[in-house]
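# An overview of the molecular structure
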Amino acid sequence: MPTPLLAARGLALNYRRGAPPVFTGVDLTVRPREIVALVGESGCGKSSLLGLLAGLARPSAGAIQFRGTPVQSTPGEVAVVFQDPCLLPWLSVEGNAGFGLGFRRLGLPRAERRARVAAALTDVGLADHARRYPHQLSGGMAQRLALARALGRQPALILLDEPFSALDAITREAMQALLTELVHRHASAALLVTHDIDEALRVSDRVLLMGGRPAGIVGEWDLVDALGPAPRERHLPRILGLRAEILDALTRHRSPAFPGAGLGAGASARDAATSFSFDPIALPETP
Ligand SMILES: Nc1ncnc2c1ncn2[C@@H]1O[C@H](COP(=O)(O)OP(=O)(O)OP(=O)(O)O)[C@@H](O)[C@H]1O
């Protein structure tokens, strides 16, 4: 078992003193070259957890290590991609892709910066659009640019928070395949927060399910053993069974306070599908 790149132990988060914690006792690891998906119902704390792992905020309890060193701020080898591509409108595609590479602490010579930007734009298929500006890009192109900006840092780990959820289904699938391909090609690792179980099943090596109140990690699935390497065809028969299993677990661990729920223990995966990103038509009957 390789040493984890990222390891979190006993993480808890309270936004306000005296308020109930959002989550407690969260343990997780991301190993080199691994794509881990973190799924869970809306509001359970996935984005908050990602923020802690990225070093953007401090946990109320617990410890996070990157390559065995405590995380105090975002490590140089970690890049973060959000749902909003966060592009700077006054910079060209090239300028956005290279944003941050000029920071003095990285100490990158200009030629190296240029080479990295060119390679990253080629990786995401935007090399021919280097002189364009963000307002001239489609949503998918903007998100590819956000990915290029992350890749330019040559990260060992990319943390992604719902990066494709605003994209149409076709573009989303293309982006999922691209992400998997690039993570594999650059031998990096990724932790992907997503509310889309299909996305998790398509791109990840391992799925972690967050649930309960306060939330914790309540389920884990090793997809490589079960389904083979990512990216996967969405019609793989074995995917359907796993999807139902994850949805059942999600249902069992739903927060009782979830609006309109009434979906406590015993509710079916088909019921859960109505409030979770998921294609209910393809769901097999559960016993
Ligand atoms: N800055 C903040 N201050 C106070 N409470 C917050 C803050 N950010 C998030 N929360 C609360 O923490 C809980 C978890 O929010 P978070 O956004 O992490 O969940 P999530 O699982 O990512 O949700 P979604 O899937 O809908 O994005 C929610 O109850 C939310 O209201």
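Every chain is numbered independently, its residues counted from 1 as its sequence is written. Side-chain atom pairs in this predicted model are given and counted only at pLDDT of 80 or more, local residue features only at pLDDT of at least 70, and totals for whole chains, interfaces and linings cover all residues.

### Considerations on the sheet that holds strand β2 (residues 23-30)
- Ordered by their spatial adjacency, 4 strands build an open sheet running β2-β1-β4-β5, and the pairing between neighbours is antiparallel. Every interior strand has two partners, whereas the edge strands, β2 and β5 (69-70), have only one.
- Here strand β4 (residues 61-66) pairs with β5 via 2 bridges, running antiparallel. Residue pairing for β5: Q65 is matched across the bridge by P70.
- Against the sheet, helix α1 (residues 46-53) engages β1 (6-13), β2 and β4, with an angle of about 125 degrees to β1. We treat two strands as partners when DSSP finds at least two bridges between them. Helix numbering and strand numbering both begin at the N terminus, where a helix is a DSSP run of H or I of at least 4 residues and a strand a DSSP run of E of at least 2. Residues are treated as contacting if the C-beta atoms built from their backbones sit within 7 Å of each other. Geometry is summarised by axes, namely lines fitted to C-alpha atoms with helices restricted to the contacting stretch, and by angles between N-to-C directions that run from 0 to 180 degrees.

### Thoughts on the domain arrangement of the protein chain
- Under the domain assignment used here, the protein chain contains domain 1 (6-77 + 160-282) and domain 2 (85-154).
- Taken together, the contact between domain 1 and domain 2 spans 10 residues of the former and 7 residues of the latter.
- Gly falls in the polar group here, along with every residue not listed as nonpolar (Ala, Val, Leu, Ile, Met, Phe, Trp, Tyr, Cys, Pro) or charged (Asp, Glu, Lys, Arg). Broken down by class, the residue content of the side of domain 1 that touches domain 2 amounts to 8 nonpolar, 2 polar and no charged. Source of the domain bounds: an automatic or database domain assignment.

### Some remarks on the sheet that holds strand β9 (residues 206-211)
- Read across the open sheet, the 6 strands follow the order β6-β7-β8-β3-β9-β10; overall the sheet is mixed. Two strands close off the open sheet at either side, each with one partner strand: β6 (78-81) and β10 (216-222). On average, adjacent strands in this sheet sit at an angle of 20 degrees to one another, irrespective of strand direction.
- As defined by bridge partners, strand β3 (residues 35-40) adjoins strand β8 (residues 189-193) across 4 bridges and the pair is classed as parallel. Among the inter-strand pairings, L38 is bridged to a residue of β8, identified as V193.
- Packed onto the sheet, helix α8 (residues 237-252) meets β9 and β10 and runs at close to 20 degrees relative to β9.

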